[in-house]
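A look at the structure
Take a look at the letters that make up each chain.
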Amino acid sequence: PRCNRIEDGGVKTPRLFLFAAAVSLVFAAFARAESDWQHDYSKAQEEAKTNHKLLFLNFTGSDWCGWCIKLQKDTFSKPEFKKFAQESLVLVELDFPRGKTQSDELKKQNEELAEKFGIQGFPTLVLLDPQGKEAARNVGYLQGGPEAFVQWVESARNR
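So, a few notes on the structure that sits alongside this text. What you see is a predicted model, and the numbers here were worked out from it, not measured in a lab.

Moving on to the overall build of the protein chain. Within the protein chain one finds 6 helices and 6 strands. Its helices and strands taken in sequence order, the protein chain reads β-α-α-β-α-α-β-α-β-β-β-α from the N to the C terminus. Burial status across the protein chain gives 45% buried among its 159 residues. Within the protein chain, residue pairs in contact and separated by at least 24 positions form 74% of the contacts whose partners lie at least 6 positions apart. Summing over all exposed atoms, the protein chain offers an accessible surface of approximately 9,400 Å²; the carbon and sulfur share of this is 53%.

A separate point is the packing of helix α4 (residues 79-88) against helix α6 (residues 145-157). Relative orientation and spacing of two packed helices are given, respectively, by the angle between their axes and the distance between those axes. Across the interface, α4 lies against α6 with an axial gap of 9 Å and an inter-helix angle of 25°. As the angle between them shows, α4 and α6 are arranged roughly parallel. Where α4 crosses over α6, the handedness of that crossing is left-handed. For the pair formed by α4 and α6, the contact residues are Glu80, Phe81, Phe84 and Ser88 on the first element and Pro146, Phe149, Val150, Val153, Glu154 and Arg157 on the second. Looking at side-chain class alone, the contact of α4 with α6 contains 6 nonpolar, 1 polar and 3 charged residues.

Bringing the nonpolar core into the picture now. Ranked by size, the top nonpolar core spans 21 residues in total, and within it Tyr41, Leu55, Leu57, Phe59, Phe117, Phe122 and Leu128 carry the most contacts. Sorting the residues of this core by element identifies α2 (41-51), β2 (54-60), β3 (89-95), α5 (104-116) and β5 (124-128) as the ones contributing at least two each. In this structure Leu57 touches Tyr41, Val92, Leu94, Phe117, Thr124, Leu125, Val126 and Leu128, once residues within four positions along its chain are discounted. Leu71, Phe76, Ala85 and Trp152 belong to the second-largest nonpolar core, a separate cluster that totals 19 residues.

Below, the discussion takes up the pattern of salt bridges. One pass over the structure, following the stated rule, counts 6 salt bridges. Arg157 is the salt-bridge partner of Glu154, the closest N and O atoms lying 3.3 Å from each other. Separated by 3 residues within a single helix, Glu154 and Arg157 lie in helix α6, roughly one turn from each other. Given the relative accessible area of 27%, Glu154 is considered partly exposed. Taking the relative accessible area as the measure of exposure, Arg157 reaches 39% and is therefore partly exposed.

The next subject is the sheet that holds β2. Pairing is mixed in the open sheet, where 4 strands are placed in the order β3-β2-β5-β6. Either end of the sheet is taken by a strand with one partner, and the two such strands are β3 and β6 (134-139). Each adjacent strand pair in this sheet contributes to an overall mean axis angle of 15°, direction not counted. Direction of pairing for β2 relative to β5: antiparallel, over a ladder of 5 bridges. Across the sheet, Phe56 pairs through a bridge with Leu127, a residue of β5.

In terms of residue burial, β3 counts as a mostly covered element, since 7 of its 7 residues are buried. Burial along β3 is two-sided: the residues Leu89, Leu91, Glu93 and Asp95 and Val90, Val92 and Leu94 are all buried. Judged from the 7 bridges that link them, β2 and β3 form a sheet pairing that is parallel. Across the sheet, the residue bridging to Thr60 is Asp95, located in β3.

What sets the pattern is the α-helix's 3.6 residues per turn: residues three or four places apart point alike. Between its terminal C-alpha atoms α6 stretches 19 Å, which fits the 18 Å expected from 13 residues at 1.5 Å a residue. Those residues of α6 that fall on the buried side of the exposure criterion are Gly145, Pro146, Ala148, Phe149, Trp152, Val153 and Ala156. One face of α6 carries all of its buried residues, which in axial projection span an arc of 165°. Exposed residues pointing more than 90 degrees away from the buried face of α6 are listed as Glu147 and Gln151. Buried residues along α6 sit in contact with β2, α3 (66-76), α4, β3, β5 and β6.

Reading guide: rules and limits
Residues numbered from 1 in each chain as written. Predicted model: local features only at pLDDT ≥ 70, side-chain atom pairs only at ≥ 80, totals over all residues. Heavy atoms only, no water. Helix = DSSP H or I, 4+ residues; strand = E, 2+ residues; numbered from the N terminus. Buried < 20%, exposed > 50% of the residue type's maximum accessible area, 1.4 Å probe, protein only. Contact = heavy atoms within 4.5 Å. Areas by Shrake-Rupley, 256 points an atom, 1.4 Å probe, with all protein chains shown as cover. Axes fitted to C-alpha atoms, helices over the stretch in contact; angles between N-to-C directions. Parallel < 35°, antiparallel > 145°, perpendicular 65-115°, else oblique. Left-handed = near helix turned anticlockwise from the far one by under 90°. Nonpolar A, V, L, I, M, F, W, Y, C, P; charged D, E, K, R; others polar. Core = buried A, V, L, I, M, F, W, Y, C linked by side-chain atoms within 4.5 Å. Salt bridge = Lys/Arg side-chain N within 4 Å of Asp/Glu carboxyl O. Pairing = 2+ DSSP bridges. Expected span 1.5 Å × (residues − 1). Arc of directions from axis to C-beta.

Put into C-alpha cells, the structure is as follows:
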C-alpha cells in the first residue's frame, strides 16, 4: 500500500477524523523531532562517505500520507530502529507535505531527488551505499516494524 503523488479530489472528510489526524500528526512530529533525520542531501551524502555508512532516503508525505504516518509510528519512532540507524545509517527525510511550509530551496532539492530516483508514490524508501549507488528500494508501507526494516537493510548490504 502507498499514497500516490497525484491529488485525490472530491472526498469530504468528517471533522472528527480531521481532529484525530491532527492529534496523531502532533505525536508523529514529536517522534520525528527527537530522531536524527537530516534534510540536506549533500551534507548527508558527505557524512555517509566519511563514516562509511549507508544513506537511507525516506520519500514521504509526512502530514497527509496515511501509510507514511503509519511507517513513522510503527517503525521509525521505535527505539530499535533509532539504535540501528545511529550505528549503520545516515537518515534523510525527503518530505512532500501539504500543510507544512518548506523553504523554496528544500522544495527544489526534494523535487529534483524525486525525479532523479523516479518516485511515483509514498512512502518510497531508497538505500544507497556510501558511494551513492542504489542498494535497495521499497515502494509502499514496509510491514513488520523495526525488525523487518533491519532485515531489509541487512539483505541489501549482503548482496
